[in-house]
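Observations on the model geometry
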Amino acid sequence: MDAPPASWPRLEAAALQSLCRGPSRWAPPSALHGLPLMGFPAGLPDLPSVALAAKARVCQWEAAAEGGLRVEAFVLQLEAARVHFEERNLRPRQIAAATGAADVAAQKRVWQRTCVRLIAPSAAEGLRNFLHWRFTQRCSGLCGMTVQEMADRALATYPAVSRAVPPRVFAACLRSLWNGWITARRFQGHAACVFGCAGGEDSIEHYSECRWVAAAAATHFGLARPATRHSRLARFVLLEPAWSAAAAGELQRRARLTCSVYLTHCWTRHAGACPPEACRSALRQKARELS
């Protein structure tokens with residue numbers, strides 16, 4: 001029943017860095033708490049809120065036949081949780097109403113979940129702050145849009161696309177949007193395009209306009225090469241076209257293209273030194289698999 005330690009934010013970030021392997025801070029807790037808003041079926045829970053909600057459940061339902069626990073007499077941690085909820089005007093009657101359940105048995109089943117929902121920090125605010133920070137880091141004008149426009153597009157498009165493509169495709173697109181590829185540029189280094197573009201660098205920005213990627217897009221997905229550099233990057237990370245029913249088909253095909261390039265790039269990293277011809281062949285194979 002102890003509260004999470006004061007060092008919990010640091011410990012959580014370190015654990016997630018090990019779980020979500022990639023460049024530093026590509027997927028911090030503030031982003032992972034908001035994953036459902038991007039289209040994932042579940043997000044990272046807020047542990048301090050879960051701990052308080054568990055104590056509130058114990059206060060309300062343990063020894064219910066005797067009128068509940070008399071926590072003020074002997075359990076300081078439970079008493080602190082009760083006070084925490086009361087200070088927010090969340091007494092049992094208010095929580096019971098928030099459950100939306102008609103009978104006591106149903107309320108008991110969802111009591112802790114409801115308490116978490118009532119006190120947890122806003123996942124939407126944390127996710128939006130992360131998106132603003134991430135897009136600012138990558139230069140707000142990179143896609144020809146403001147940071148606010150990019151965040152709004154992402155929050156409108158990604159949940160819709162997630163329902164229409166395989167999970168690995170959606171995960172690759174999200175990693176692309178959040179700048180989570182292991183590229184030379186991401187680590188402030190320099191390396192050539194794995195597909196052999198003359199003068200091309202190892203970066204998401206280059207792969208969005210690489211001529212070999214454009215060839216795969218046209219051959220396997222029926223996608224034309226966008227006219228401008230801004231539009232090529234915006235479409236590679238699914239920020240163009242803006243979400244609509246009419247644009248759904250193109251966005252799904254662009255998601256599959258981005259995943260093909262990402263998976264091929266991962267393969268080239270783990271395979272060691274690969275000639276560009278082999279990388280291009282691998283890209284065509286991935287594109288065929290996902291088309």
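Residues numbered from 1 in each chain as written. Predicted model: local features only at pLDDT ≥ 70, side-chain atom pairs only at ≥ 80, totals over all residues. Heavy atoms only, no water.

1. Details of the overall build of the chain
The helix and strand inventory of the chain stands at 16 helices and 0 strands. What you see for the chain is a C-alpha radius of gyration of 24 Å, clearly larger than the 19 Å of a compact globule of 291 residues, by over 25%. With the principal axes as the frame, the chain shows a C-alpha extent of 75 × 40 × 35 Å. Sorting the 291 residues of the chain into buried and exposed places 46% on the buried side. Sequence separation of 24 or more characterises 61% of the internal contacts of the chain that already satisfy a separation of 6 or more. Accessible area for the chain stands at about 14,600 Å²; split by element, carbon and sulfur atoms hold 56% of it. Side-chain charges in the chain split into 36 positive and 21 negative, and the spacing between the mean points of these groups amounts to 8 Å. (Helix = DSSP H or I, 4+ residues; strand = E, 2+ residues; numbered from the N terminus. Rg over C-alpha atoms; globule rule 2.2 N^0.38 Å. Buried < 20%, exposed > 50% of the residue type's maximum accessible area, 1.4 Å probe, protein only. Contact = heavy atoms within 4.5 Å. Areas by Shrake-Rupley, 256 points an atom, 1.4 Å probe, with all protein chains shown as cover. Lys, Arg positive; Asp, Glu negative; His and termini not counted. Charge placed at Lys NZ, Arg CZ, Asp CG, Glu CD.)

2. Structural notes on helix H15 (residues 248-271)
With 24 residues, H15 extends 35 Å between its outermost C-alpha atoms, agreeing within 8% with the 34 Å of an ideal straight helix rising 1.5 Å per residue. Phi turns positive one or two residues past the end of H15, at Gly-272, with a value near 90°. (Expected span 1.5 Å × (residues − 1).)

3. Quick notes on helix H11 (residues 167-177)
Within H11, 8 of the 11 residues are buried, which leaves it mostly tucked inside the rest of the structure. Within the sequence span of H11, burial applies to Val-169, Phe-170, Ala-172, Cys-173, Leu-174, Arg-175, Ser-176 and Leu-177. Those residues of H11 that are buried are in contact with helix H3 (35-38), helix H9 (123-137), helix H10 (147-162), helix H12 (204-207), H15 and helix H16 (276-290). Two residues or fewer after H11 comes Asn-179, characterised by a positive phi angle close to 60°.

4. Overview of the pattern of salt bridges
It is possible for side chains bearing opposite charge to pair when their charged atoms get close. Applying the stated rule across the entire model yields 11 salt bridges. In this structure, Arg-232 and Glu-209 form a salt bridge, with 3.2 Å as the shortest nitrogen-oxygen distance. Residue Arg-232 is located in helix H14 (residues 229-236), and its partner Glu-209 is located in the loop between H12 and helix H13 (211-221); the two are separated by 23 residues in the primary sequence. As a salt-bridge pair, Glu-289 and Lys-286 come within 3.8 Å of each other at their nearest N and O atoms. Residue Glu-289 and its partner Lys-286 are both found in helix H16; the two are separated by 3 residues, about one turn of the helix. Exposure remark for Glu-289: the relative accessible area of 40% places this residue in the partly exposed category. (Salt bridge = Lys/Arg side-chain N within 4 Å of Asp/Glu carboxyl O.)

5. Things to note about empty space enclosed by the protein
All chains considered together, the criterion is met by 2 cavities of 30 Å³ or more. Estimated volume of the largest cavity: approximately 130 Å³. Contributing elements (two or more residues each) for the lining of the largest cavity: H13, H14 and H15. In terms of residues, the lining of the largest cavity owes the most to one element, H13, which gives 3 residues. Class assignment of the residues belonging to the lining of the largest cavity gives a composition of 9 nonpolar, 1 polar and 4 charged. (1 Å grid on protein atoms, 1.4 Å probe; cavity = no way out; pocket = protein on both sides within 12 Å on 5 of 7 lines; lining within 4 Å. Points joined across faces, edges and corners; volume = space filled by probe spheres on them. Nonpolar A, V, L, I, M, F, W, Y, C, P; charged D, E, K, R; others polar.)

6. Focus: the confidence of the model for the chain
Overall, the predicted model of the chain reaches an average pLDDT of 89, with 93% of residues at or above 70. Within the chain, no element has a lower average pLDDT than helix H5 (residues 71-74), which sits at 48, and none a higher one than H13, at 97. (pLDDT = per-residue confidence, 0-100.)

7. Some details on the nonpolar core
Among the nonpolar cores identified, the biggest contains 59 residues, and Tyr-158, Leu-177, Trp-178, Phe-195, Leu-239 and Val-261 are the most heavily contacted of them. Broken down by element, the residue count for this core peaks at 7 residues, all from H15. What Phe-195 contacts, discounting residues up to four positions off in sequence, is Tyr-207, Cys-210, Trp-212, Val-213, Val-261, Thr-264, Pro-276, Cys-279, Arg-280 and Leu-283. Judged by nonpolar contacts, the second largest core, of 13 residues, contains Ala-53, Ala-56, Trp-111 and Val-116. (Core = buried A, V, L, I, M, F, W, Y, C linked by side-chain atoms within 4.5 Å.)

8. Re the side chain of Thr-264
Looking at where Thr-264 falls in the secondary structure, it is placed in helix H15. The class for Thr-264 is buried, based on a relative accessible area of 1%. Leaving out residues up to four positions away in the same chain, Thr-264 has contacts with Phe-195, Cys-279, Ala-282, Leu-283 and Lys-286.

9. Points about the packing of helix H4 (residues 47-61) against helix H8 (residues 104-119)
Closest axis-to-axis distance for the H4/H8 pair is 8 Å, and the angle between their directions is 150°. Classified by the angle their axes make, H4 and H8 are roughly antiparallel. The handedness of the crossing between H4 and H8 is right-handed. Contacts between H4 and H8 involve Ser-49, Val-50, Leu-52, Ala-53, Ala-54, Ala-56, Arg-57, Gln-60 and Trp-61 from the first element and Val-104, Gln-107, Lys-108, Trp-111, Gln-112, Cys-115, Val-116 and Ile-119 from the second. Counted by class, the contact of H4 with H8 contains 11 nonpolar, 4 polar and 2 charged residues. (Axes fitted to C-alpha atoms, helices over the stretch in contact; angles between N-to-C directions. Parallel < 35°, antiparallel > 145°, perpendicular 65-115°, else oblique. Left-handed = near helix turned anticlockwise from the far one by under 90°.)

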